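The residues making up each chain are set out below.
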Amino acid sequence: MPSIFAAFEPGAVLTSFWPSVIDGLALGSLYALVALGYTLVYGVLRLINFANSEIFMIGTAGALVGTSLLGISLADPTQAGLGLALALLVCLVISMAFGGAAAVLLELLAYRPLRRRGAPRLSFLISAIGSSLFLAELFARPWLLGRDRKPVPEIVDHAAIFTFKGAIVSLDKVIVIVGALVMMVVIDQFVRRSRLGRGIRAVAQDPETATLMGVNIDRVVTFTFLLGGLMAGAAGLLYEVRFPGTKFDIGFIFGIKSFTAAVLGGIGNLRGALVGGIVLGLLEAFGGAVFGSEWIDVIGFTILVVILMFRPTGLLGESLGKARA
Amino acid sequence: MRNTRRMGMAFGLLAATGLLAAGCSSEDSEVSTGGTATSAPGGANCPKDLKIGFFGALTGSDAALGINERNGMRVAFERYKKESGCEVKLEPYDSQGDPAQAPGLASKAVGDSKVVAIIGPAFSGESKQANPIFNEGGLPIITPSATNAALSKNGWKIFHRAVANDDLQGPAAAKFIIGKGAKKIAVIDDASEYGKGLADIVRTKLKEGGATTDVNEAIDPKGSDYSSTVNKVKAANVDAVFYGGYYESAGRLMKQLRDGNVAATFVAGDGSLDAKFLDSASGKGEGAVLLAPGNYTATDQAFIDEYKKLNGGAEPGLYSVEGFDAANHVLAALKAGKTTRADINAYVSTTPYQGLLKNYQYQADGELQGGGDIIVHEVNGGKITLVGPVK
Amino acid sequence: MRLPTRPRLEVVAPVAEAWNRLPRVARWLATLALVAFLFVLPTLTIPIIDTPGSDFASVLFFPVGIYVLIALGLNVVVGEAGLLDLGYVAFFAIGGYAMGLLGTMVDLGPLLSGLPVIGGSALRLLGPDGTPFFVILPLGILASMVGGLILGTPTLRLRGDYLAIVTLGFGEIIRIIARNTDAIGGPRGINQIPHPPSVGGLKFGVIDPKPYYWLLLVIIIVVTLLVRNLQRSRVGRAWTAIREDEDAAELMGVPTFKYKLWAFAIGAGIGGSGGVLYASKVISITPDNFLFILSILFLSAVVLGGSGNMPGVVLGAVVVAYLPERFRGFAEYRVLVFGAVLVAMMVFRPQGLLPSRRRAAELRRGEGSPDDAVGGTAGPEAVTT
């Protein structure tokens, strides 16, 4: 019987070490940003927002809109210097706006009515799944994205800036890693220091007492979704920087992986989202090198199952509601 | 009772749904439109109300090939109407390329006595589920694109394949690669029935030809990041990369390879031969070699013009001409007075037909006699250009 | 601010009350009439319910009938025991692959040589080409149940959402392993799976789906009776207790883990039986027949219909499976409408189309309690027991 692991190559950990690190970091940064959306909503509402993956997809559409607004064509897309900074900024704002708006609408239409009537968790989950299907199919309409892959101009040059021990470091990877890191720091500080951030942590810790203390639950929930949506939108733009092109169902696999990252780091823990994302990205990169890329998804799911069984609170533990974010 | 009003609303809703349901119909069968009939329609010797079905993906993410074939059929039907004055309907069976939907549709086709032949199924996966049903129903089929070699080994009496299968495409690809002087090859597939099937044949033939397949990987066509594969290919320093899979993932893989500074020649099979390959490659598709058991672009201008006119300006694509030729073969049977499924099957199986592309003569197992050439295409200056058959 | 509670569409309650008031004999006759109608159904062509794009009898078998069977199985897990399973397709897959492997790759000859051929064609175990379908069927069910035990044993200690995600992961792991393992077919899957043997003159071929449909109907009836008996037994009561408040049940001495595992295994076995029958009808299966979206569709069937309640679940399955076939002309909008309907159902009628009274009560109980200020009931804080 032929071996299942036909491409098993344990030595790849060493031979592909630096390439796997760089590529894993880049991928993991994207996972981390989307994971933020899952973890925020879960921390506050104990809800797995399945549709966060479609918020991410809507964010990628923002890049499409942004580049066409700026007149960047597919034939000659690469920007440099100030032009690049401008393009990135415009697209980022649009993507985040799309993501934030979609998330707030989603909460209003699909979850708030259920909160009002005290529906059981199963109902929330079904509504989340239905919303996810609906949003994906909505964007499959020909007047939106259509069913085929929609090419997006590659505004960042993917050529190698320098190579380091076999790893190619290109501008797009740098932008993704740095950009994601900056976003996460901003969010982290915001949740720690701002008033709304304190509100989020209060509701995550103890909703009834928070209400008694005068926190407006609805506003906090809306804001939580907004934050998650902004992050998912930004992730969409950074995704387009790294992998130009979008499709209506691009969110599905990415969303599940990001959710795995959130759980891995500790769902409900902001820093856990970052850690989980990076760790998952690295594990996929190294796992693909060692086992062969057809096993990458299994790696992710197996990690998910193992973590949930042995350390369900994740690497950093659940702590949105605790003193430290 | 206060509940009566609610119940009334509920029943009203149900009734409205029922009416709506009754009014809805399925996909309509098509009758040739346009053109002026040169002779009075419906002469005494016109077969009545016959249908030829198209079976394949007309909607959904893999619809491009199905649409190409159906569009080619339209040209055939239109010409038939002009020449003979008789009408035949094109009955679409949209499987969306989903094998799960195939049995229900196939049973429907078999049960419709007016359907005398099927062009399709377009994909190998749905063929496996639909063809047994066609076989039992004695409904003759000609597939313009299902290339899985195992299909002809099931003893289906009604099966005809208008293209070379993967048992021919694979060795041709290997021959081409070795002919270019490549010694170390990376063979990648998309873990699909078609992609892995083709890639496995290439792997075997490359080894027989003395080359080494240093990298053997399967990627997820729905995934985004192929960097672990790219890194492996780079580390192995191969001369060529062969990809078994469809155009969307093929383009992205090639782009990521080029971004990763892999300069090896990129070769792929017929599933990757589509203009959208260039889109997915985001400008990095130059120099890709795409093989197919057919021509990507039609070369007969009259066909191209008529195709565009009947299909809203769309250009012929891969397998459009095969669809056209296959439909014409069946129509030739009709012209010869064969109007039953058994007669048409016998005609197609035994009588050759000279089509636009080639001469179609079928063996007992439904494969083309003489196999058929594998044609090389290359991406040159941002366009897919024809190079010629694999020597 | 709380929105006023919307008055519910009371179509079901009056019908249910009328049903309960009928004398026993009348109820039996009505049920028999319904069953007879179901048996005759594929031979009828009723304009309003006929599926114009696809063969009606085929559609009755798959997706409608199979979805009903699967929904009944999932209902045991989700509806009865209250365990959220997002990877149920895995058991369907195990059954299908069992049929495929035992039918094509594994020779059961030595195993069967000791069994007597029971007299009478209706009970003949061996098929025309030596395929012992009626031996493979219980083996497939057993394999699925073992799968359920393997999945359940380490994971049933988790609560709520975590269990859901673990089952999701398991479903995908099964599918990807099947895809990557060439020994069981890889992406090509298994072909030329044999049919069941002729029973009493009925031939199981490729063209006529009716014998398959009738066999499926028999299986559904058996499963319905089985589950109903379980519901009314101690097992069912334990499930109700677990579903309503697991901690309280544990405190009252109910061995919750054991009963949860039973629910899992039984549900898995039912799903596996569907897989075996499905594989023998379509005669070729690939890993792509068992995608994650199917788990979602199965779950939606249960929830839409009214989980925990068999007539509701059957209706849900019929809705989920039948409507897309009926409205094939709107193929482009199928999933879009489906997603919207799911959300709408949860917003406007979360108890399902045909809720059981008990379920409606459970759902109403959620209102007005402090938990629902933010949403949902018990959280997974106590994630391990």
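Residues numbered from 1 in each chain as written. Chains lettered and ligands numbered in written order. Predicted model: local features only at pLDDT ≥ 70, side-chain atom pairs only at ≥ 80, totals over all residues. Heavy atoms only, no water.

Draft legend 1. Summary view of the overall build of chain C. The secondary structure content of chain C amounts to 15 helices and zero strands. For chain C, the proportion of its 385 residues judged to be buried stands at 55%. Long-range pairs, those at least 24 residues apart, make up 78% of the contacts in chain C with a sequence separation of at least 6. Carbon and sulfur atoms make up 67% of the accessible area of chain C, which totals about 16,000 Å². (Helix = DSSP H or I, 4+ residues; strand = E, 2+ residues; numbered from the N terminus. Buried < 20%, exposed > 50% of the residue type's maximum accessible area, 1.4 Å probe, protein only. Contact = heavy atoms within 4.5 Å. Areas by Shrake-Rupley, 256 points an atom, 1.4 Å probe, with all protein chains shown as cover.)

Draft legend 2. Looking closely at the pattern of salt bridges. In this structure the tally under the stated criterion is 41 salt bridges over all chains. The partner of D112(B) in a salt bridge is K51(B), with the nearest N and O atoms 2.8 Å apart. In this pair, D112(B) is assigned in the loop between α3 (102–111) and β3 (115–119) and K51(B) in strand β1 (residues 51–56), connecting sequence segments 61 residues apart. Judged by its relative accessible area of 14%, K51(B) falls in the buried class. Ionic pairing is found between E193(B) and K128(B), a salt bridge with its closest N-O pair at 3.2 Å. Highlighted residues: E193(B) in helix α6 (residues 193–208) and K128(B) in helix α4 (residues 124–137), separated in sequence by 65 residues. Here the two residues E193(B) and K128(B) agree in accessibility, since each one is buried. Salt bridges linked by common partners bring E107(A), R112(A), R115(A), R116(A) and D218(A) together as one network. (Salt bridge = Lys/Arg side-chain N within 4 Å of Asp/Glu carboxyl O.)

Draft legend 3. Quick peek at the interface of chain A and chain C. Counting residues at the interface gives 54 residues for chain A and 61 residues for chain C. Summed over both sides, the interface of chain A with chain C buries roughly 5,000 Å², with 71% coming from carbon and sulfur. It is R117(A), R121(A) and I126(A) in chain A that bury the most area against chain C; as a group they hold 14% of the surface buried on that side. Taken together, the links from chain A to chain C amount to zero salt bridges. Linking chain A with chain C are two residue pairs in polar contact (both at pLDDT 80 or more). Sorting the residues of the side of chain A that touches chain C by element identifies α2 (17–45), α4 (81–116), α5 (121–138), α8 (207–212), α10 (250–265) and α12 (296–310) of chain A as the ones contributing at least two each. (Buried area = accessible area lost by both parts, 1.4 Å probe. Polar contact = N/O pair within 3.5 Å; in protein donor to acceptor, adjacent residues only side chain to side chain.)

Draft legend 4. Quick peek at unusual backbone geometry. In this model, G120(B) is joined to P121(B) through a cis peptide bond whose omega is -15°. Note that the residue after F62(C), namely P63(C), is joined by a cis bond; omega there is 10°. On the secondary structure map, P63(C) appears in helix α3 (residues 56–80). Despite not being glycine, A191(B) has its phi angle at roughly 55°, a positive value. Mapped onto the elements of the fold, A191(B) is located in the loop between β6 (184–189) and α6. For I283(C), which is not glycine, the phi torsion reads 50° and is therefore positive. The topology assignment puts I283(C) in the loop between α11 (256–282) and α12 (292–305).

Draft legend 5. Representation of the sheet that holds strand β5 (residues 159–161) of chain B in the model. Residues and elements named next belong to chain B. Pairing is parallel across the open sheet formed by five strands, whose spatial order is β2-β1-β3-β4-β5. With partners counted over all chains shown, the strands left at the sheet margins are β2 (89–94) and β5, one partner each. Between one strand axis and the next, the sheet turns through 25° on average, direction left out of account. Pairing geometry for β1 and β2, over six bridges, is parallel. Bridge assignment links G53 to a residue of β2, and that residue is E91. Docked against the sheet, α4 engages β1, β3, β4 (141–143) and β5, running at close to 150° with respect to β1. (Pairing = 2+ DSSP bridges. Axes fitted to C-alpha atoms, helices over the stretch in contact; angles between N-to-C directions.)

Draft legend 6. Focus on the sheet that holds strand β7 (residues 212–218) of chain B. Residues and elements named next belong to chain B. Within the open sheet, the seven strands sit side by side as β7-β6-β8-β9-β10-β13-β14. Their pairing is mixed. Pairing within the sheet leaves two strands with one partner each, and these edge strands are β7 and β14 (383–389). Each strand axis lies, on average, 25° off the axis of its neighbour in the sheet, ignoring direction. As paired elements, strand β10 (residues 289–292) and strand β13 (residues 375–380) share four bridges and run antiparallel to each other. Each bridged residue has a counterpart across the sheet, and for L291 the counterpart in β13 is V376. In this fold helix α8 (residues 247–259) packs onto β6, β8 (240–244) and β9 (265–268), with an angle of close to 170° to the strand it touches most, β9.

Draft legend 7. Expanded view of the environment of G323(B). All names here are of chain B. Locating G323 in the fold gives a position in helix α11 (residues 320–335). Spatially, the C-alpha atom of G323 lies 37 Å from that of K184, the residues being 139 residues apart in sequence. Ignoring anything within four residues of it in the chain, the contact list for G323 reads E69, G72, M73 and P144.

Draft legend 8. Looking closely at the confidence of the model for chain C. All names here are of chain C. Per-residue confidence for chain C gives a mean pLDDT of 79, with 81% of residues at or over 70. When the elements of chain C are averaged for pLDDT, helix α15 (residues 357–365) gives the smallest value, 59, and α11 the largest, 92. Contacts of residues 1–9 to residues separated by more than four positions or lying in other chains number 16 contacts, the stretch itself having pLDDT below 50. Between residues 366–385, whose pLDDT stays under 50, and residues either more than four places distant or in other chains, the model counts 44 contacts. Here the predicted complex scores 0.83 on pTM and 0.87 on ipTM. (pLDDT = per-residue confidence, 0-100.)

Draft legend 9. Quick peek at the nonpolar core. By size, the foremost hydrophobic cluster in this structure holds 199 residues, and its most contacted members are L33(A), F50(A), Y111(A), Y67(C), L86(C), W239(C) and F298(C). If you tally residues by element for this core, the top one is α3(C), at 15 residues. Ignoring any residue separated from it by four or fewer positions in sequence, one finds Y111(A) in contact with L47(A), N49(A), F50(A), A51(A), L106(A), F124(A), S127(A), A128(A) and F225(A). Grouped together as the second largest cluster of nonpolar side chains are 38 residues, C46(B), I52(B), A326(B) and V348(B) included. (Core = buried A, V, L, I, M, F, W, Y, C linked by side-chain atoms within 4.5 Å.)

Draft legend 10. Quick peek at the side chain of D325(B). All names here are of chain B. By the element assignment, D325 lies in helix α11. Although D325 lies buried, it forms no salt bridge, and the closest oppositely charged side chain, K358, sits 7.0 Å away as judged by the N-O distance. Polar contacts involving the side chain of D325 include one to the main-chain amide nitrogen of L356, which spans 2.9 Å. Here Y360 takes part through its side chain, which lies 2.7 Å from a polar atom of the side chain of D325. Each residue touching D325, except ones within four places of it in the same chain, is listed here: Y353, G355, L356, L357, K358 and Y360. (Lys, Arg positive; Asp, Glu negative; His and termini not counted.)

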